[in-house]
Amino acid sequence: MALPITVHEGTMPHRGIRLGRVALVVAVVLALPYVVAPYRLDQVTGALILAIAAVGLNLLSGFGGQISLGHAAFFGFGAYTTGILVTDHGWYPPVAFVLGMLVCFVVGVLVGVPALRLRGMYLALVTLAVGVIFPSLVRRFDSLTGGSAGLFGISFDAPDHAYFAGRAGQILWLYYVAVVALAVSCLLVWNIMRGRTGRAIVALRDNEPAAIVMGVDRTVVRTVLFGISAAIAGLAGGLFAVDTGILTPDSFSLLFTIYLLVAMVLGGRASFWGPIIGGFVIYYLPLWTGELTDGPAAGVLFGILIIVMVFTLREGVVGGLGRLGARVLVVEPRRPTPRFDLSEAPPVSADQGIEPAACQPRQETAAGAPLAD
Amino acid sequence: MSLLQIEDLHAGYGAADIVHGVDLTVDEGEVVVLLGANGAGKTTTMRAISGLIARHGSLRFDGTDISRAAPDEIVRLGLAQVPQGRGTIADLTVEENLRAGAHVRRDKQGIAEDITRWFDTYPRLAERRKQQAGLLSGGEQQMLAISRAMMSRPRLLLCDEPSLGLSPKLTQEMFASLSRINHEMRMAILLVEQNATLALGIADRGYLIEVGHVGASRSAADLAGDDAIRAAYLGY
Ligand SMILES: Nc1ncnc2c1ncn2[C@@H]1O[C@H](COP(=O)(O)OP(=O)(O)OP(=O)(O)O)[C@@H](O)[C@H]1O
Ligand SMILES: [Mg+2]
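This report concerns the structure included in the present document. (Residues numbered from 1 in each chain as written. Chains lettered and ligands numbered in written order. Predicted model: local features only at pLDDT ≥ 70, side-chain atom pairs only at ≥ 80, totals over all residues. Heavy atoms only, no water.)

Turning to the site of ligand 1, a few remarks are in order. Residue and element names in this part refer to chain B. Neighbouring residues of ligand 1: 14 residues in total, closest N38, K42, T43, T44 and Q194. Take A40: an N or O atom from its main chain is 3.2 Å from an oxygen atom of ligand 1. In the environment of ligand 1, an oxygen atom lies 3.0 Å from a nitrogen or oxygen atom belonging to the side chain of Q84. At four residues, helix α1 (residues 42-50) tops the list of elements feeding residues into the shell around ligand 1. When grouped by side-chain class, the residues that make up the shell around ligand 1 number four nonpolar, seven polar and three charged. (Near = heavy atom within 4 Å. Polar contact = N/O pair within 3.5 Å; in protein donor to acceptor, adjacent residues only side chain to side chain. Helix = DSSP H or I, 4+ residues; strand = E, 2+ residues; numbered from the N terminus. Nonpolar A, V, L, I, M, F, W, Y, C, P; charged D, E, K, R; others polar.)

This part is about the environment of G10(A). Residues and elements named next belong to chain A. Following the sequence through the fold, G10 ends up in the loop between β1 (5-8) and α1 (12-35). A residue is classified by how much of its surface remains accessible, and G10, at 23% relative accessible area, is partly exposed. Considered as a pair, G10 and F75 are 65 residues apart in the sequence and their alpha carbons are 39 Å apart. (Buried < 20%, exposed > 50% of the residue type's maximum accessible area, 1.4 Å probe, protein only.)

This part is about the coordination of the magnesium ion (ligand 2). The textbook angles at a metal center are 109.5 degrees for a tetrahedron of four donors and 90 or 180 degrees for an octahedron of six. All names here are of chain B. Protein ligation of the magnesium ion (ligand 2) involves T43 (OG1) and Q84 (OE1), the donor distances falling in the range 1.8 to 2.2 Å. Taken together, the positions of T43 in helix α1 and Q84 in the loop between β6 (79-82) and α3 (94-101) put the pair 41 residues apart, joining distant regions of the chain. Note on T43: relative accessible area 15%, which makes it buried. Q84 gets classed as partly exposed once you look at its relative accessible area, which sits at 35%. (Donors = N, O, S within 2.8 Å, 3.2 Å for Na, K, Ca; no water.)

This structure, assessed with the given rule, holds 21 salt bridges over all chains. In this structure, the salt-bridge partner of D250(A) is R139(A), at a minimum N-O distance of 3.0 Å. Residue D250(A) is found in the loop between α10 (218-244) and α11 (254-267), and its partner R139(A) is found in helix α5 (residues 120-140); the two are separated by 111 residues along the sequence. Since its relative accessible area comes to 36%, R139(A) is described here as partly exposed. Counted as one network, the salt bridges with shared partners bring together R105(B), D107(B), D114(B) and R153(B). (Salt bridge = Lys/Arg side-chain N within 4 Å of Asp/Glu carboxyl O.)

Structure (structure tokens):
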């Protein structure tokens, strides 16, 4: 058969392909623990956690167009909230995750308020300040956080079941927890972006004055967006806490934020799969370069690979895959809906501001032929 | 009582007022044109009415004081704006742009009907419904801008240079289209336009704005016949 194959939107083959894609992802997720060694699965969990944080940053920066150099701080707030609640107060970790997300949401909204008035470089500087202050805060409140010495013994023990027995079982457990957390984060982002709020977010990013005259409440959208993005980063932080078991302020430096930014751009900003793929790339790339060479050479190789990827994949990995996919498969959009027939139109209520009679579709009036055809 | 009634409007961008002391009214179902040189403050006036920039003075829409209202409240009251430069949301599709225009509405069915209605009015938009709006031609983006503003089902449409960047033929079509919207839906329109001949052709009344001041209201025919305006804006 000649390529590309064309399928029509909404038809059975199209739905089949979409369903197949989801099924493939589910299959890979479920099969992975059986095909890779436990220490490899442990790495996958680490990459998943990075991916969650990148999903959060992508919501704010990719879809919302607002840069943040402070996401390491939100990741850290989530991590320390979980860490302190689990170790000092014996909280059940999932409850601690939720509280960590709430804390991050509030801090995110607070950072989002000054961000309302700021653009580009200025916003970068304000969020940078938040990111830089965080490790100092951890050191300053060392009675609570353990300071530079670290906070130890954070764990999320697997349920008492043969399936999760032993060290390998614990790794498997955390892997599933991370998968669920990533799925929840993605569903949250997807739900926001596919509807009315998502359109408002993109409108504010692309053309703020136009969005405002359409009735988008900039203050609410921008601050809540900041809060949700921070909360997702906080969830990733909570998982990081139970996954590594130990927290030190150095884990939440500016470098971590830079990694997230690179992950987002590499994967493909403002896409759903981009930050996930980017999170994996940014987790594994240093591991591989570290295996190939060591010392400073590994860092140089890592840097070069990043530059090459940015240049060859302008729209990120997802954009590149999309172009590749378009050679194989093209989805034809649905035809426009049938014309609106006046005789079947339900009456328009007066509070819509237009008289029912005035709400007719185009008629051939004295004004002449159809316009701008 | 006028639909829109503005008295002694002052507005600007911080430092000094650009617009100082504008009075104007738009009645139900009327087309009013605002003429003026580049930089006279036409766009600033439009932005002030929509609440995009800080302003003071008396602003009433359908009797409601909107001088302190937020932009989204003003849209809800029934005032929509086609901003200068089209205001396309480049990364949304054509259809999503229309849906975004209905941001303040919640009636799903009504929104769907209006989308069909505007696709019927501008079939070129219908053909490109799934296309990114940023990829539309200038004229198509202008059609989209008007349709998007109409998606909020306004009672007054503020149109800031809808002909910007259009060919003479498309400009004419654009004005015919605005005139039809005015007639069929009894839509009041406040129009800013450099092409004074065409604008006055569809307008009932007009104002001349000069360095932030606006003169008395005059009929469209009177403005078109004025020698000074002919020399300055009509070019013949
Ligand atoms: N965002 C802004 N910040 C500061 N000054 C501005 C801004 N926008 C416009 N101005 C100034 O305000 C004055 C009036 O501008 P405005 O856009 O209202 O003019 P206009 O009548 O719409 O002109 P045109 O016909 O060229 O669109 C100009 O001198 C302009 O330089
Ligand atoms: Mg202007």
